[in-house]
Every structure is written in C-alpha cells, then in structure tokens.
Amino acid sequence: MSDVISSSFVRRDLLAERPAPVKTTGFIGLMRTRLFNSPTNILLTILGALLLWFTIVPSVKFLMVDAIWSGRDRSACLVENAGFAVGACWPYIQAKLPQLIYGFYPEAERWRVNLTLLLAAVLLLPLLVPRLPAKSLNAGLFFAAFPVVAFFLLHGGGIKGFGLSWTAGLLQLFDESILGAGQALLSLSKTSAIAPLLWVVGSLVVLLGTAIQWLIFPLTWLRDYIQGTGQPVWADFAITAAIVCLIAFVLGGGVRTGGRALASSIGTFIATAIVIKLMDLDHGGLSIVATNLWGGLLVTLVVSVTGIVTSLPIGIALALGRRSTIPLIRIFSIAFIEFWRGVPLITVLFFATYMLPLFLPGNFTVDGLVRALIGIALFTGAYQAENVRGGLAAIPRGQSEAAAALGLSWWKTTSLIVLPQALRHVIPNLVNSFISLFKDTSLVSIVALFDLLGSLRASFSDPKWSTPSTAFTGFAFAGIIYFMFCFGMSRYSLFVEHRLNAHRRN
C-alpha cells in the first residue's frame, strides 16, 4: 500500500498551451482548404482572379459606371458631349424597347401581346409551385386552352364553323389530294413507257377517291347546310357538343359511371362558348395581325415555348417507338430520328420556309411562322427522343417484370412505372436541350422572322441612335435577357431534380 502511495504523481505546473486548430470553415477556411492548399490551386486561383478582374470590372464599368442613362438622341451618347469615355447608351434601349419586345406589331394592338403574356404567367406559375392544388386543371388550361386563346389574341380573326365543319374540311382536302394524285397518274400514262401500269394504278386511285367522296358526302352536305343558316358557328358548335358529350358518356361507362365524363365535357363546352362570345369569334373576332409583323421577344418566346412544349411528347413517342417490338414502328422511329439529327437546323428552317410550299396542293397554304414552328418541333423532338431513350435504358428490367407480375398492361406499366422514372433520370439532359433551343431561336432571323436579335440588328439601322457604343449596348441587353431566361430554367431544373431525387439523399 505504501508503494502505491509513493508512486503517485501530482503535477504542480500547468501544461504549455497548444496552438489553435486550423480554421476550416468560413471564407478563411475556404481559401485555406480549396484555393491555396497546393501550388496548382494557387496558380489556378491567381489565373481565375485575373480573368475575373479583366472581364467583370470592365463590364461593370461599361454597363453602369460610364453608362449614359438619359437622352433623346445619339448626341447624349457621344464622347464630345459627355466629356468622358462613354459606356453603355441606355437611352437607345429605352427608345427601342417596344421594337425589341413587339417587333413591328401595331402599337394600338399591343395590349393583346401584354394580355397573352399575362395569361401565360398566371397559368404557368402555379404549375411551377409543387404545393399548389388543381395541377390537372391548371395543366389542361395551359397546354390545351391557352394555345388556342393565344392564337386568336395574337393573330386575330374568327371562326366560320366548329368541329363538324373542320372535320368535313379535312376529309374533303384528303379526298381531293387522292383524286389529284390519281388524275396525275392518268395524265402520265398518256406519255410514259409504262402507260398500262400507270393507267391501272391511276384508275384505282381515282376510284378510291370517288368512294371516299361518297362516304363523306353526308358530312359535307350537313356542313354546307349549316353554313347556310343564320348562325353557322353556334349550330355547328351545338351539334359538335352533342356528339362529343354522347361519346364521352358512352366511353365513360354509360349510366353507371359516365356522369363524370359527361359533366366534364359539358363544362368544357360551356367554357369554350364563353371564350367564343367574349372574343367575338363568331363575328370575325379581333383584327388580323399578320405574322410578318411579329418580332422581338414575342417571336423568341413563341418559337421557344412552342418548340419546348411540342418536342417533348414527340421525343417520348419516338423513344418508345424505337424500343418497340413491332418492326414497322421501330424502323420508322429510327429513320425519323437519324434523319432529323443528321440535318442542321438552318437547313430544316430553309426547307420548311421555301421548299415545303412546293409540295403542298395549290389551294393549301401554311403560314411562314407555322412552318418554322413545325420544323423546329420535329428537329428538337428527334434530339429529345435520344435523351428519353437514355432514361428508358437506365430502368432495370425488374421494374417491367414486377409490373407484369401484378397484371399491369403495357400502357400502364410504361405510363405509371417506367416513363416517370426515366424522365426523372434525364431531367438535366431535357433542360439542357430546352436551353439550347431557346438560344437557337435566333436562327429564325435567317428565314425572315425577326426574333429578339433580328429586331435588335434592325434597330441598328436607325441613324438617330448611331453611336460607337450602340451595338455593344444592344447585344449586352440581349445577352442579359437570354441569360435571365436560361439561368431561370437551369435553377428550376436543379430544384425539380433535387425534389424528385429525395430518396437518394442521405
């Protein structure tokens, strides 16, 4: 016991202080652990700082410090009058802002553009907020009702019929094209070396067209009869509503479960009737504004939004078709994708604008802007198909096999299990294509459609604002607008990706 007591030790002096731990948080910690922790990082940090110094500082100086903020003409932005090195000439942007937004849209009718943009914002913003209710109704209004209302607001005009007249017109146009093809073959049979074969084929085509003509005769007769009444639009509307509501009631389950489908159809037609009456579509509607007067940011938004909304369904259909087990569908999808991916967008725009009218019937015309929209939608859809196909390939086969074991059909398996997961995997790729499409809309100026950059270049020809800094100011303003839209899409895609991949976060 005495040995234990004698071996005990009690320190009488304090230990020397240890150095404070190296700070690894905050700005100082960031610089120590990320920017200056190795010779390579030190060199990269210095080069990055120099790059920012020689780009950001001159940009801020040009756009804000040395900028001219008020003036009535070019004299305010000249060095001789300002007394210093002039930067951005913002009075030029203020003077040309209506042209950059509306193009040559009539000034008295620009309220229609403002109303269209307001409706788009009101319908789009609730879709982007996940917690807001009624997503199905909101999506239906934005993707189905809004494009029709926007067309009649921006373009103007009215309607002379409704579903019955439109169906009869399309069938009659199809029949006329068949008869025209048959007549052309019969004409070639008079001078061709294979005259008997052409005559037989032409006679069969003409016979087919005649048979279709007799089949659609009751429909065309009813259309002509309705057009002769005092209220052709409302008579056609009533007949179309009755037919569609009856079909919806029968397909919805009849007396047992068809009431909900019938109520939805009736509500849709009542809302459509209200829109027709408010916009006076049955009496000519608003004054027509030709698309060659559209321009500026309006054309950029119309082309990009239409391309984005239409290209994704096309891409999904082509991706599913490329993976189909039916050879005809698979070969068509592969040929379509490879053809449109192998052709530059500018070639597509030239073909849609200048060559497509040569292949259409003489009495059938398509607006130039519509042709460009169709070309862009098909072109972008081919690229989206490969993005979606990559997502489909990432889904394990066990998902489909488990769905089949539960008795789900192919449609339910694809729409409820496989496709949602595939789209979640390729959100970055899809948004990247959307951003690329938004910037590629500037190519439409080559086919005489003045988008934002086209209107900007057209404004440079005004001698009233011809200064050394005018072009730089205009392109800086356009770049800021493009950056705002693209950066917004990028940040929202990150938000959606983070939200849908919550199960992967620790």
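As annotated in an unreviewed UniProt entry, the chain is Amino acid ABC transporter permease from Bradyrhizobium forestalis. Checking UniProt for the chain, the heading Sequence similarities (unreviewed entry) contains the comment "Belongs to the binding-protein-dependent transport system permease family. HisMQ subfamily."

Peer 1: I'd like a description of the state of the cysteines, backed by residues and values.
Peer 2: Counting across every chain of the model gives 1 disulfide. Here Cys 77 is linked by a disulfide to Cys 89, with a sulfur-sulfur distance of 1.9 Å. What sets the handedness of the Cys 77 and Cys 89 disulfide is the S-S torsion sign, and at about 70 degrees it is right-handed. On the criterion of sequence distance, the pair formed by Cys 77 in the loop between helix 3 (39-65) and helix 4 (79-82) and Cys 89 in the loop between helix 4 and helix 5 (90-102) is long-range, its members being 12 residues apart.

Peer 1: Could you give an account of the nonpolar core, with specific residues and numbers?
Peer 2: Core analysis: the largest hydrophobic core is formed by 41 residues, its most contacted members being Tyr 105 and Trp 294. Of all elements in the fold, only helix 14 (297-322), helix 15 (327-341), helix 16 (345-355), helix 17 (368-393), helix 19 (410-425) and helix 20 (427-440) reach the threshold of two or more residues within this core. With 9 residues, helix 17 is the single largest residue contributor to this core. Not counting residues within four places of it along the chain, the set of residues in contact with Trp 294 comprises Tyr 102, Tyr 105, Leu 154, His 155, Val 289, Val 299, Leu 369 and Phe 450.

Peer 1: Requested: an account of the side chain of Gln 421, with residues and values cited.
Peer 2: For Gln 421, the location among the structural elements is in helix 19. Gln 421 sits in the buried class, given a relative accessible area of 19%. Setting aside anything within four residues of it in sequence, one finds Gln 421 in contact with Ile 395 and Gln 399.

Peer 1: Which residues make up the packing of aromatic side chains, and what values go with them?
Peer 2: For any pair of aromatic rings, the description consists of the separation of the ring centres together with the inter-plane angle of the planes. Throughout the structure, instances matching the rule amount to 23 aromatic pairs. A ring pair is formed by Trp 214 and Phe 217, whose centres lie 6.1 Å apart and whose planes are at 50 degrees; its orientation type is tilted. Relative accessible area serves as the criterion here: at 61%, Trp 214 is assigned to the exposed category. Each ring, one from Phe 339 and one from Trp 340, has its centre 5.5 Å from the other, and the planes form 85 degrees; the classification is edge-to-face. Judged by its relative accessible area of 14%, Trp 340 is buried.

Peer 1: Any chance you could break down helix 15 for me, citing the residues and the numbers?
Peer 2: Taking 1.5 Å per residue, 15 residues should reach 21 Å; helix 15 reaches 21 Å between its end C-alpha atoms and fits that length. Buried within helix 15 are the following residues: Ser 333, Phe 336, Ile 337 and Trp 340. The arc enclosing the buried residues of helix 15, seen along the axis, measures out at 95 degrees, which places them on a common side. Of the residues in helix 15, the exposed ones pointing more than 90 degrees away from the buried face are Leu 328, Ile 331 and Phe 339. Looking at the packing, one finds that the buried side of helix 15 touches helix 14, helix 16 and helix 17.

Peer 1: Quick rundown of the side chain of Thr 414? Include the residues and the values.
Peer 2: Structurally, Thr 414 can be placed in helix 19. What Thr 414 contacts, discounting residues up to four positions off in sequence, is Leu 320, Leu 419 and Pro 420.

Thresholds applied
- Residues numbered from 1 in each chain as written.
- Predicted model: local features only at pLDDT ≥ 70, side-chain atom pairs only at ≥ 80, totals over all residues.
- Heavy atoms only, no water.
- UniProt positions renumbered as here; feature names shortened; annotations may be inferred.
- Disulfide = S-S within 2.5 Å.
- Helix = DSSP H or I, 4+ residues; strand = E, 2+ residues; numbered from the N terminus.
- Core = buried A, V, L, I, M, F, W, Y, C linked by side-chain atoms within 4.5 Å.
- Buried < 20%, exposed > 50% of the residue type's maximum accessible area, 1.4 Å probe, protein only.
- Contact = heavy atoms within 4.5 Å.
- Phe/Tyr/Trp six-rings, centres within 6.5 Å; stacked < 30°, edge-to-face > 60°.
- Expected span 1.5 Å × (residues − 1).
- Arc of directions from axis to C-beta.

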